[in-house]
Amino acid sequence: MPVIKVWCLPDIGESRLNVLHQELVRAVTSVSELGVKTENDMTCLFPSDMMKYGLGTEIIIEVTGLYEKPERTEAVRQRLAEALVGAVWGQFPETDLIECFVNPFNPSQGFCSHRK
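From a predicted model like this one, the values you see are computed outputs, not experimental measurements.

### Here we look at the sheet that holds strand β1 (residues 3-7)
Taken in spatial order, the 4 strands make up an open sheet running β2-β1-β3-β4, and their pairing is mixed. This sheet does not close on itself; its edge strands, each paired only once, are β2 (43-45) and β4 (97-105). The sheet shows a mean angle of 15° between the axes of neighbouring strands, direction not considered. Across 3 bridges, β1 lies against β2 in parallel orientation. Bridge pairing links V3 to T43 in β2. Packed on one face of the sheet, helix α2 (residues 74-91) meets β1, β3 (58-67) and β4 and runs near 145° to β4.

Listed below in structure tokens is the structure:
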């Protein structure tokens, strides 16, 4: 399951975080090769930052837990990065810099999951 972390967000409140969450889900599900159909197939996290200075001037998106699969080519991962940056840019058009790092994951490196 991909985990999308969005770092360095300004304090925007719950309702705007919900909107951002839905935009991120739309961005990820738009890349069909990922096989992510709904928000239940991914996790979005919005970690808080200990230092408030500069929040929102640069926003970093980090994608982890994206299993390596033949259909998840470099081009597909690039489309994912661009879709995520576009989703965040749409909510924060005044931001100086938005970057996205997609880190493919090989479960043989160590992985365990339990779902109810």
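Following the structure, the description resumes.
### Notes on the side chain of K5
Residue placement: K5 occurs in strand β1. In this structure, K5 is buried with no salt-bridge partner, the nearest side chain bearing the opposite charge being E62 at 4.0 Å. In this structure K5 touches L45, I60, I61, E62 and T64, once residues within four positions along its chain are discounted.

### With respect to the packing of aromatic side chains
What the rule picks out here adds up to 3 aromatic pairs. Between Y67 and F105 the ring centres are 5.9 Å apart and the planes differ by 45°, which places this aromatic pair in the tilted class. One end of the pair, Y67, is in strand β3; the other, F105, is in strand β4, with 38 residues separating them in the sequence. By relative accessible area, which is 17% here, F105 ends up buried. Relative to F111, the ring of Y67 has its centre 5.6 Å away and its plane inclined at 85°; by these criteria the two rings are edge-to-face. Highlighted residues: Y67 in strand β3 and F111 in the segment after β4, separated in sequence by 44 residues. Residue F111 is classed as partly exposed on the basis of its relative accessible area of 46%.

### A word on the nonpolar core
In this structure, I4, L24, L80 and L84 are the most contacted members of the largest nonpolar core, which totals 28 residues. When residues of this core are traced back to their parent elements, those giving at least two are β1, α1 (13-29), β3, α2 and β4. For this core, the leading source of residues is α2, giving 6 residues. Once residues lying within four places of it in the same chain are set aside, the contact partners of I4 are L24, V28, M42, T43, C44, L45, I61, E62, V63 and L84.

### Quick look at α1
Look at α1: 24 Å from first C-alpha to last across 17 residues, which is about the 24 Å you get at 1.5 Å a residue. Within the sequence span of α1, burial applies to L20, H21, L24, V25, A27 and V28. End-on, the buried residues of α1 take up no more than an arc of 160°, which puts them together on one face. Turning to α1, the residues buried within the fold contact β1, β2 and α2.

Conventions we followed
Residues numbered from 1 in each chain as written. Predicted model: local features only at pLDDT ≥ 70, side-chain atom pairs only at ≥ 80, totals over all residues. Heavy atoms only, no water. Pairing = 2+ DSSP bridges. Helix = DSSP H or I, 4+ residues; strand = E, 2+ residues; numbered from the N terminus. Axes fitted to C-alpha atoms, helices over the stretch in contact; angles between N-to-C directions. Contact = heavy atoms within 4.5 Å. Buried < 20%, exposed > 50% of the residue type's maximum accessible area, 1.4 Å probe, protein only. Lys, Arg positive; Asp, Glu negative; His and termini not counted. Salt bridge = Lys/Arg side-chain N within 4 Å of Asp/Glu carboxyl O. Phe/Tyr/Trp six-rings, centres within 6.5 Å; stacked < 30°, edge-to-face > 60°. Core = buried A, V, L, I, M, F, W, Y, C linked by side-chain atoms within 4.5 Å. Expected span 1.5 Å × (residues − 1). Arc of directions from axis to C-beta.

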